[in-house]
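What follows is the residue order along each chain.
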Amino acid sequence: SSPVPRAYIPTDLWNSEKLSRSLAEIDRAIESSQHSRAVTLTYSCLEGIYKTYIQKNVELVASPSDLLGMAKIVKNDVLSKVRGESQAPEQIINSISTITNAIANSRNGFSESHFDQDAQKWLAVYARDLTNSIGRLLLHFV
């Protein structure tokens with residue numbers, strides 16, 4: 001009869017505390033050998049960080065809904081902000097694409113043959129560390 005009320009999610013949802021809590025949850029998943037869960041949590045973490053960054057910093061008619069599209073927008077915006085600075089960390093900013101591609105590929109059937117039977121474990125640890133680095137970098141711009 002009556003529609004379900006819509007949830008209000010503030011645009012300032014992501015901050016340093018939320019990132020730290022998310023990373024702690026990823027760490028717990030890795031420690032308990034729940035590597036697929038760690039990768040899923042990383043995907044959600046990056047998605048939240050990217051959406052917040054785009055809402056705060058990029059004027060778009062419509063924001064992309066896929067993680068790879070969001071990562072491209074974020075990376076290009078950050079690069080445009082640091083270009084021309086004496087020590088612009090372009091290689092570090094390029095890691096935004098690297099981790100996003102690894103996570104997106106994992107969700108689309110990442111090949112375990114490259115890492116024997118430990119693909120999800122290696123990806124989970126790698127993703128956690130890069131998510132921390134990227135999250136801290138982007139929070140400087142939010």
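Because the structure is predicted, anything quoted here is derived from the model rather than measured.

Focus: the packing of helix α1 (residues 16-31) against helix α2 (residues 35-57)
So, step 1. Following both chains from N to C, one finds α1 and α2 inclined at 165°, their axes separated by 8 Å at the closest point. With respect to each other, α1 and α2 are oriented roughly antiparallel. Helix-helix and strand crossings are classified by hand; for α1 and α2 the assignment is left-handed. Contacts between α1 and α2 involve L19, S22, E25, I26, A29 and I30 from the first element and H35, R37, A38, L41, T42, C45 and I49 from the second.
So, step 2. In terms of residue class, the contact of α1 with α2 is built from eight nonpolar, three polar and two charged.

What about the pattern of salt bridges?
Side-chain pairs of opposite charge can arise where the charged atoms are in close proximity.
So, step 1. Under the defined criterion, the tally for this structure stands at five salt bridges.
So, step 2. A salt bridge links E25 to R37, with the nearest nitrogen and oxygen atoms 2.7 Å apart. With E25 in helix α1 and R37 in helix α2, the pair connects residues that are twelve residues apart, well separated along the chain.
So, step 3. Since its relative accessible area comes to 30%, E25 is described here as partly exposed.
So, step 4. In this structure, the salt-bridge partner of K81 is D77, at a minimum N-O distance of 2.9 Å. One end of the pair, K81, and the other, D77, are both in helix α3 (residues 67-82), four residues apart, so they sit about a helical turn from each other.
So, step 5. Residue K81 is classed as partly exposed on the basis of its relative accessible area of 33%.

What about the packing of aromatic side chains?
So, step 1. Inspection of every chain in the model, using the stated rule, returns one aromatic pair.
So, step 2. A centroid spacing of 6.3 Å and a plane angle of 75° characterise the contact between Y53 and F141, whose relative ring orientation is edge-to-face. Here F141 lies in the segment after α6 (119-139) and Y53 lies in helix α2, a separation of 88 residues in the sequence.
So, step 3. The exposure class of Y53 is buried, given its relative accessible area of 0%.
So, step 4. The exposure class assigned to F141 is partly exposed, which follows from its relative accessible area of 24%.

Details of the nonpolar core
So, step 1. Counting 35 residues, the largest nonpolar core has Y50, V74, I96, I99, I103 and L138 as the members making the most contacts within it.
So, step 2. Sorting the residues of this core by element identifies α1, α2, α3, α5 (95-107) and α6 as the ones contributing at least two each.
So, step 3. With ten residues, the single largest contributor to this core is α2.
So, step 4. The contact partners of Y50, leaving out residues within four places of it in the chain, are L67, M70, A71, V74, I96, I99, T100, I134 and L138.

Parameters at a glance
- Residues numbered from 1 in each chain as written.
- Predicted model: local features only at pLDDT ≥ 70, side-chain atom pairs only at ≥ 80, totals over all residues.
- Heavy atoms only, no water.
- Axes fitted to C-alpha atoms, helices over the stretch in contact; angles between N-to-C directions.
- Helix = DSSP H or I, 4+ residues; strand = E, 2+ residues; numbered from the N terminus.
- Parallel < 35°, antiparallel > 145°, perpendicular 65-115°, else oblique.
- Left-handed = near helix turned anticlockwise from the far one by under 90°.
- Contact = heavy atoms within 4.5 Å.
- Nonpolar A, V, L, I, M, F, W, Y, C, P; charged D, E, K, R; others polar.
- Salt bridge = Lys/Arg side-chain N within 4 Å of Asp/Glu carboxyl O.
- Buried < 20%, exposed > 50% of the residue type's maximum accessible area, 1.4 Å probe, protein only.
- Phe/Tyr/Trp six-rings, centres within 6.5 Å; stacked < 30°, edge-to-face > 60°.
- Core = buried A, V, L, I, M, F, W, Y, C linked by side-chain atoms within 4.5 Å.

Keep in mind these numbers describe shape, not what the thing actually does.
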